[in-house]
Every structure is written in C-alpha cells, then in structure tokens.
Amino acid sequence: MFIQDQHGAITKATRIGIEQGIRQGIEQGIEQGIRQGKVTLIVRQLERSVGVLSPEIKTSIAELSAQQLENLGEELLDFASVSDLTTWLQAHNNRQ
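In this report, the structure presented in the accompanying data block is examined. (Residues numbered from 1 in each chain as written. Predicted model: local features only at pLDDT ≥ 70, side-chain atom pairs only at ≥ 80, totals over all residues. Heavy atoms only, no water.)

**Let's talk about the pattern of salt bridges**
Tallying each qualifying case throughout the model produces 2 salt bridges. For Glu70, the salt bridge goes to Lys38, with nearest N and O atoms at 3.9 Å. You can see Glu70 sitting in helix α3 (residues 66-75) and its partner Lys38 sitting in helix α1 (residues 12-50), a full 32 residues away along the chain. With a shortest N-O distance of 3.4 Å, Lys58 and Glu47 are connected by a salt bridge. Of the two residues, Lys58 is situated in helix α2 (residues 55-62) and Glu47 in helix α1; the sequence distance between them amounts to 11 residues. (Salt bridge = Lys/Arg side-chain N within 4 Å of Asp/Glu carboxyl O. Helix = DSSP H or I, 4+ residues; strand = E, 2+ residues; numbered from the N terminus.)

**Digging into the nonpolar core**
Formed by 16 residues in total, the largest nonpolar core has its most connected members in Leu46, Leu53, Ile61, Leu72, Phe79 and Leu85. The set of elements that each furnish at least two residues to this core consists of α1, α2, α3 and α4 (82-91). If you tally residues by element for this core, the top one is α1, at 5 residues. The residues touching Leu46, leaving out its near neighbours within four places in the chain, are Gly51, Leu53, Ile61, Leu72, Leu76, Phe79 and Leu85. (Core = buried A, V, L, I, M, F, W, Y, C linked by side-chain atoms within 4.5 Å. Buried < 20%, exposed > 50% of the residue type's maximum accessible area, 1.4 Å probe, protein only. Contact = heavy atoms within 4.5 Å.)

In structure tokens, the structure reads:
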C-alpha cells in the first residue's frame, strides 16, 4: 500500500523507495541469471570432459560460491574423471 498525501498523490519518499526497490530487484535478478549461466556452462563442460554427472554433484556445483565457481571453471580443465571432480568438491566443503 502506498502512502498518499491529502490529495491522494503518492509521496516523493514512497516513490523513491519504490524505484530503489525495483532497481535492487533488477540487479539481484541479473546477478542470479549470471550465476546460473556460470553453473550451466561449468556443468556442460564437465559432462563433456568427464561424463554424466549425478544430480547430487550438480547440486553441489550449484551451491558453490561465486569465487568457488570461478576456481572450478579453471580447475576442471585438469580433471580426467568424475572422481577428480568429487575430490575437488570434497576439498571445498561440498557434497559429492
């Protein structure tokens, strides 16, 4: 519900708050989209190089921090098997 003045107009403070909320929501949506794109790309690269990944491994990858995703994106070039990936995930406190 908007705060209105005596003439029924939305106050400037309310309008500014709404605009800030919209901007923040858009920024968060963009960040989430970029993150999901990174996860999708890394999973595709891994499946191409080491084979099909279990749902549990995909979930573990999706739960990585942004920095961990970047690190995995570099490390995956050295993986020869799913075992290498699970070892890396375990070392970074994630599920198998």
